[in-house]
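Reading the structure
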Amino acid sequence: MNRIFYVNGSFVDEQDAKISVLDRGFLFADAVYEVSSVLNGKLIDNKAHVVRLHRSLNELGMAPPCSDEELIAHQHRLVELNNLKEGLLYLQVSRGVADRDFAYPTDANSSLVMFTQAKQLLETPAANTGINVISVPDIRWQRRDIKTVGLLAPSMAKQQALDAGVQDAWMVQDGYVTEGTSNNAYIVRDDNVIQTRHLGNEILSGITRSAVLRFARESGYEVVEEPFTVEEVKAASEAFSTSASSFVMPVISIDGTTIGDGKPGKVATGLRKVYIETALEREDL
Ligand code: PMP
């Protein structure tokens, strides 16, 4: 079956899903995006993604392409048209098409494109084995709280990880882990303390992070929102990451040093289970 794409008001086949070379997303990475997961044909925690989209747009003074009601209706329609049961829905809003100039154009209309990707999210071998990561310097810009499509630095870090034979990289700034290339990073200390970096301009405020920290507190864990070092990761009893596409992913080594007993820990495994069960049950988490 051909995938159907959404481009500025139309649902079209891939060969017709086109935007201008003058689109500012293409020329300046002047665009923001969201990725929502789909389980059983249902968008997971999607309203929270729409709220974060607005925040990104606001921070950049970019106009929303349509109302939230329209956006969400288009998202549901795209999932339906593609008969997507499990996978991801990607949406991107750019400032639009204008002759190349650094200043924001005054007459451009923001553009909206969306597509789906079928992907196994629940039954992934990585969730059972855990993943290995390396640490790399965080060379990204200083507004990582805005979810822009300027993703070359994390792309380079991810490739460096793959070239080193591991699955991901955790980025480090001033001696402290910021986050993973496309996920938030956590350690578990003293069996019941979950530590993750505080929110700010240095990291993205993950939608999954917000839900998982709530589930963690409800399950009786102490949550500490403070930065941690790579040495602290090595000394932790567990480590894990969270994102809309991986939910909760156990991390079993960093820079070749085994974390805990080198197996997915009970905290990460338990939170993954709670997250998935709740996501299957509820519209919003
Ligand atoms: N940090 C970064 C840098 C990311 O790219 C992502 C995924 N978009 C996340 C964290 C996790 O965010 P979410 O839980 O909303 O997917």
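Residues numbered from 1 in each chain as written. Predicted model: local features only at pLDDT ≥ 70, side-chain atom pairs only at ≥ 80, totals over all residues. Heavy atoms only, no water.

Helix and strand content of the protein: 8 helices and 15 strands. Expected size for 285 residues packed as a compact globule is a radius of gyration near 19 Å; at 19 Å, the protein falls within 12% of this value. Each principal axis of the C-alpha distribution contributes one length, and for the protein these read about 55 × 40 × 35 Å. When the 285 residues of the protein are sorted by exposure, 49% land in the buried category. For the protein, restricting intrachain contacts to residue pairs at least 6 apart in sequence, the fraction spanning at least 24 positions comes to 71%. Summed over all atoms, the accessible surface of the protein reaches about 13,500 Å², with 50% contributed by carbon and sulfur. Seen as two clouds, the 28 positive and the 39 negative side-chain charges of the protein have centres 1 Å apart. (Helix = DSSP H or I, 4+ residues; strand = E, 2+ residues; numbered from the N terminus. Rg over C-alpha atoms; globule rule 2.2 N^0.38 Å. Buried < 20%, exposed > 50% of the residue type's maximum accessible area, 1.4 Å probe, protein only. Contact = heavy atoms within 4.5 Å. Areas by Shrake-Rupley, 256 points an atom, 1.4 Å probe, with all protein chains shown as cover. Lys, Arg positive; Asp, Glu negative; His and termini not counted. Charge placed at Lys NZ, Arg CZ, Asp CG, Glu CD.)

A separate point is the environment of Asp261. With respect to the element layout, Asp261 can be found in the loop between β15 (257-258) and α8 (266-281). Look at Asp261 and you get exposed, because its relative accessible area is 58%. Each C-alpha atom, one on Asp261 and one on Gly150, is 37 Å from the other, the two residues being 111 residues apart in sequence.

What follows deals with the nonpolar core. Counting residues in hydrophobic clusters, the biggest one holds 23 residues, and the most contacted among them are Ile194, Phe240, Leu271, Tyr275 and Leu285. No other element matches α8, which puts 6 residues into this core. If you count residues domain by domain, this core takes at least three from each of domain 1 (4-118) and domain 2 (125-281). Here Leu271 is in contact with Ile194, Val212, Phe215, Ala216, Phe240 and Val248, once residues within four sequence places are set aside. One finds Tyr6, Leu60, Met62 and Leu91 within the second-largest nonpolar core, a separate group that totals 22 residues. (Core = buried A, V, L, I, M, F, W, Y, C linked by side-chain atoms within 4.5 Å. Domains from an automatic or database assignment.)

Close contacts around the ligand come from 17 residues, with Arg52, Lys147, Glu179, Thr208 and Ala244 the closest. Take Arg52: an N or O atom from its side chain is 2.8 Å from an oxygen atom of the ligand. Measuring from a nitrogen atom of the ligand, one finds a side-chain N or O atom of Glu179 at 2.6 Å. Elements with a contribution of two residues or more to the shell around the ligand: α2 (46-59), α6 (207-218) and β13 (238-243). Looking at the shell around the ligand residue by residue, the classes come out as 4 nonpolar, 9 polar and 4 charged. Three or more residues apiece are contributed to the shell around the ligand by two domains, here domain 1 (4-118) and domain 2 (125-281). (Near = heavy atom within 4 Å. Polar contact = N/O pair within 3.5 Å; in protein donor to acceptor, adjacent residues only side chain to side chain. Nonpolar A, V, L, I, M, F, W, Y, C, P; charged D, E, K, R; others polar.)

What the 6 strands build is an open sheet, ordered β2-β1-β6-β5-β3-β4; its pairing is antiparallel. Only two strands of the sheet have a single neighbouring strand rather than two, namely β2 (10-13) and β4 (42-43). Sheet topology note: the strand β1 (residues 4-7)/β2 ladder contains 4 bridges and is antiparallel. Bridging from a neighbouring strand, Phe5 pairs with Val12 of β2. With respect to the sheet, α2 is in contact with β3 (31-39), β4 and β5 (87-94), its orientation differing from that of β3 by roughly 175°. Against the sheet, helix α3 (residues 68-81) touches β1, β2, β3, β4, β5 and β6 (111-118), its axis set at about 35° to β6. (Pairing = 2+ DSSP bridges. Axes fitted to C-alpha atoms, helices over the stretch in contact; angles between N-to-C directions.)

Let us now look at the pairing of β6. A regular strand carries its side chains on alternate faces of the sheet. Pairing of β1 with β6, which is carried by 2 bridges, proceeds in the antiparallel orientation. When the sheet's bridge partners are listed, Val7 is paired in β6 with Val113.

Another aspect to go through is the domain arrangement of the protein. Domain annotation for the protein reports domain 1 (4-118) and domain 2 (125-281). Each of domain 1 and domain 2 has a C-alpha centre, and the two are 26 Å apart. Listed per partner, the contact involves 23 residues of domain 1 and 19 residues of domain 2. Approximately 1,800 Å² of surface area, both sides summed, lies buried where domain 1 meets domain 2, with 64% of it carried by carbon and sulfur atoms. (Buried area = accessible area lost by both parts, 1.4 Å probe.)

Let's shift gears to the pattern of salt bridges. By the definition in use, this model includes 16 salt bridges. The partner of Lys47 in a salt bridge is Asp284, with the nearest N and O atoms 3.5 Å apart. Placement of the pair is Lys47 in helix α2 and Asp284 in the segment after α8, with a sequence separation of 237 residues. One network of salt bridges, in which partners are shared, links Arg55, Glu59, Arg143 and Asp145. (Salt bridge = Lys/Arg side-chain N within 4 Å of Asp/Glu carboxyl O.)

Where α6 contacts α8, the axes come no closer than 10 Å and their chain directions differ by 110°. The orientation of α6 relative to α8 falls into the category roughly perpendicular. Classified by chirality, the crossing of α8 by α6 is right-handed. Across the interface between the two elements, Thr208, Ala211, Val212, Phe215 and Ala216 of α6 pack against Leu271, Val274, Tyr275 and Thr278 of α8. (Parallel < 35°, antiparallel > 145°, perpendicular 65-115°, else oblique. Left-handed = near helix turned anticlockwise from the far one by under 90°.)

Taken together, the side chains of Val21, Leu22, Phe26 and Val97 make up a nonpolar region of the molecular surface, amounting to roughly 380 Å² of accessible area. Relative to the assigned elements, Val21 resides in the loop between β2 and α1 (24-28). (Patch = residues over 30% accessible without salt bridge, like charges linked within 9 Å, V, L, I, M, F, W, Y side chains within 5 Å.)

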